[in-house]
Amino acid sequence: MKMLFEVKTNPDQRPFTFKPGTKQPIRSNVTSQNDTYAQIISYATEAQLYQHRDFYYTVYVWQNYARLMRWDRAGVVLSEPFDWVKERKPLLTFMYAFAMATPQDQGYSSHARRATKDEVSALQKLHKAALGLTPADAEAPAVEEGITKPAREDSTDAKPAAKAEGPDKGLAEKHRLLRAAYFAEMLRDTNKWPVHKITCVAFELAEHTGTQAQMQAQTQTQPQTQTQVEAKKETKTKVYWVGKYRSISTSRSPTGRCTKTYVAYDLDSDSFAFLKDSWCAAQVTTELANYKAMDEAFGLEKSNSIPTILASNGESTGVTRSQEFVENLRGRSHQLLVMQEIGRPLEEYESQLQLVRVMADAMEGHRLAYEEAGILHRDVSANNIVIREDGRGMLIDWDMTRPVAEIRSGASQSSRSGTWMYMSALLTVLPWKWNELADDLESFLHILCVMALRFHLHDISTPLPITPEGNAANGPLIGALETYLVRYDGSAGMIGSERKLDTWELGGPRWRLNDEDCGIARLLQKLYRLCQQFYEGVNFRTLRHVSREGSLRWMCDSKFRFSQSPVFDSHVQIQQAFNSILQDDTIYWPLPSEKTGDQFEGLQTAEGRPAVTKDNTYASASVQPLSAVLKRGRSPSHSEHESAELPVNSRPHKKAKRSASELLSTHDWVDEMGSDFEWGMDNRNWDAEVLAYDSEHYDLVEEADDDDDEGSSHQE
């Protein structure tokens, strides 16, 4: 669908005013009208999800009035309303301009081209060859643009000279099955998810022949010749074929980063790679730049815990235009990254031992980036740790990374960076706090806690057999999950409850694993002790009086420490905790069969929404103005679910002199924020939503021609 027309005649289905001459598209609070606007948003979202788009046009018609709408990943721009019956020129001019425009000017990405039927057929033959169903298809005739070729001698599709025996036979079979699975994933329902050809620029890895200082000295003493300089200017293109996106990290928002990931096939190397498609905020260091920094510092090909970049869409990327019409709106640029490694989600770990090893690998990647490249990840979460094909771990998604030297310079965006569920307790209660190493290290503990709570038996598990229906009725379990989900709306940003802080005062969570001698239970004990030491060094009385302007500026400029404890000043102690567990031969590691089914499946928040969606994301629990909470005298610590009767062996509260949450409950920066959700759409949390207007409504396409020639058509 190149463009969408939405037509309504009912006055109750008018989401904004159509009065001619209106400069502001004021929206009504009538539910039916907001439902109509939600419908329009969903159409634009789906169009950009299924297609490779830089922007998308829709026309909204209500009776004899119309508005033109241009969507991109920063927002949506609306034309002034016009009477298309009496004044036909605007609509006819727009339709003619759109029909005559190039695909790029119609909004399609310049980096993507839809595959022909012959190309799709050729890929399907390669899939059959990988399955071993029709060996003759491996020698399929060449078709348009050479999509197929005879099986290579070193490919598992070719007939081997002799049968592999022993371990080699097992590896070859595993490789063949992976190829077949990747082809199946890419070619799943090609009518609904058309195959596309993606063109990228090859990523040149830095040459590391010595230390960084030696390489810099060599560069200074041996200047490059003109021929060498010109050779570097030549860019090598790489072509990848993609089909259906991987739904694990795909955003259902029409705006924001809107990450889509794909398994991509490289014909030249006859191999699969991982392609990430996203829109990064303008004036923020791109993920590509972060990978370049790490590659120059220690070499990506030498680190198994950080992805190896193969290609990208380069530095010149597509840029949104909605910010040109809306004040204080940040634009976004398009980023395509192709990575060599294809991982599977962390929650697919096979055993406790593999879970701990994978997390230890990810932490080593985090340490390398922090110590060698001087950058901090700032979004350590379960979705950003994946399991490689060899069973080891890898830390991905380096798009929120910042140089360590700039951490104290303040936030580059008004919203909090990171995944709320795994943020440190301090980040969730102090919206003005900058991310630092301690926050990232604490996130590893929260990941391990969530995995233990989700896939291993504990004292608040649903009675066996575990079913979604049984989980839905498990009040204590949803209460434990809401420890990580609950947040409240304050004027300075989103605020969490004190539940995470409570765990440090208690020395651990209120629930316990049934087997307290198993590997992850022993590791959790060590990690909780480290975090408890860190929070014992936090001066909550000082933080209580911090204001946004005065004290905060002094804290940024000085050597202020949030905690006097040195436990998280480096990776040393937390890595020692992981290594001591992995290297201890006396540790008991249960068999893989000990891992349960998903205990979060079927859980619902207090609002009746699924706690975990099909895309493996978590729904935030009750969002309400924090001021309303503070008027009751304290920050709520338990939801209605958590107040349900807990098992007898649950940990009781330890008596504290004064809780951290009480010291933080009267922040100067907290004031009342209205509870009305501006867009009135069932409290859906879009990354960014903007409504604006363009007075020259019939010149939208013509204006769009200017920047799209530079534009472009982005792991688990």
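Residues numbered from 1 in each chain as written. Predicted model: local features only at pLDDT ≥ 70, side-chain atom pairs only at ≥ 80, totals over all residues. Heavy atoms only, no water.

(A) Focus on the pairing of strand E1 (residues 4-8). Burial along E1 is one-sided: Leu4, Glu6 and Lys8 are buried, while Phe5 and Val7, pointing the other way, are not. When E1 meets strand E2 (residues 56-62), the two strands line up parallel, connected through 5 bridges. Counterpart to Glu6 in the pairing with E2 is Tyr60. (Buried < 20%, exposed > 50% of the residue type's maximum accessible area, 1.4 Å probe, protein only. Helix = DSSP H or I, 4+ residues; strand = E, 2+ residues; numbered from the N terminus. Pairing = 2+ DSSP bridges.)

(B) Local environment of a nonpolar patch on the surface. A grouping of Phe5, Val7 and Met95 is seen on the molecular surface, where their side chains present a nonpolar patch of about 240 Å² in accessible area. Here Val7 lies in strand E1. (Patch = residues over 30% accessible without salt bridge, like charges linked within 9 Å, V, L, I, M, F, W, Y side chains within 5 Å. Areas by Shrake-Rupley, 256 points an atom, 1.4 Å probe, with all protein chains shown as cover. Salt bridge = Lys/Arg side-chain N within 4 Å of Asp/Glu carboxyl O.)

(C) Representation of the sheet that holds strand E15 (residues 385-387) in the model. Reading across the sheet, the 3 strands line up as E13-E15-E16 and stay open at both edges, with antiparallel pairing between neighbours. Edge strands, defined here as strands with exactly one partner in the open sheet, are strand E13 (344-345) and strand E16 (393-395). Pairing analysis gives 2 bridges linking E13 to E15, with the strands arranged antiparallel. Bridge pairing in E15 links Pro345 to Val386.

(D) Seen up close, helix H17 (residues 572-583). If you check H17, its first and last C-alpha atoms are 16 Å apart, about what 12 residues at 1.5 Å a residue would give, namely 16 Å. Those residues of H17 lying buried are Ile574, Gln575, Ala577, Phe578 and Ile581. Seen end-on, H17 carries its buried residues on one side only, within an arc spanning 150°. For H17, the elements touching its buried residues are helix H8 (352-372), helix H10 (437-455) and helix H14 (519-536). (Expected span 1.5 Å × (residues − 1). Arc of directions from axis to C-beta. Contact = heavy atoms within 4.5 Å.)

(E) Quick peek at the pairing of strand E7 (residues 196-202). Most of E7 sits inside the fold, with 5 of its 7 residues counted as buried. Bridge count between strand E6 (residues 112-114) and E7: 3 bridges; the pairing is antiparallel. The partner of Arg113 across the bridge, within E7, is Lys197. As paired elements, E7 and strand E8 (residues 237-242) share 6 bridges and run antiparallel to each other. Within E8, the position partnered with Cys200 by the bridge is Lys238. Inspection of the sheet shows E7 paired to strand E11 (residues 309-312) by 2 bridges, in the antiparallel sense. Each residue of the ladder has a partner; that of Ala202, found in E11, is Ala311.

(F) Representation of helix H2 (residues 89-100) in the model. An ideal rise of 1.5 Å per residue puts 16 Å on 12 residues; H2 measures up with 16 Å between its terminal C-alpha atoms. Turning to H2, its buried residues number three or more, namely Pro90, Leu91, Phe94 and Phe98. Projected onto a plane normal to the axis of H2, the buried residues spread over an arc of 95° and lie on a single side. Counted as exposed and oriented over 90 degrees from the buried face of H2: Lys89, Leu92, Tyr96, Ala99 and Met100.

(G) Representation of the pattern of salt bridges. If you walk through the whole model with that rule in mind, you get 23 salt bridges. Here Asp439 and Lys433 are joined by a salt bridge, their closest N and O atoms 2.6 Å apart. Assessed through its relative accessible area of 3%, Asp439 is described here as buried. Here Arg510 makes a salt bridge to Asp502, at a shortest N to O gap of 3.5 Å. Taken individually, Arg510 and Asp502 each receive the classification buried, so the pair is uniform in this respect. Members of the salt-bridge network, linked through shared partners, are Arg257, Lys276, Glu287, Asp397 and Asp399.

(H) Examining the packing of helix H7 (residues 287-298) against H8 more closely. For the pair H7 and H8, the least separation of the axes is 10 Å and the interaxial angle reads 80°. Comparing the axis directions of H7 and H8 gives the class roughly perpendicular. Two secondary-structure elements touch here, H7 through Met294, Ala297 and Phe298 and H8 through Leu368, Ala369 and Glu372. A per-class count over the contact of H7 with H8 returns 5 nonpolar, no polar and 1 charged. (Axes fitted to C-alpha atoms, helices over the stretch in contact; angles between N-to-C directions. Parallel < 35°, antiparallel > 145°, perpendicular 65-115°, else oblique. Nonpolar A, V, L, I, M, F, W, Y, C, P; charged D, E, K, R; others polar.)

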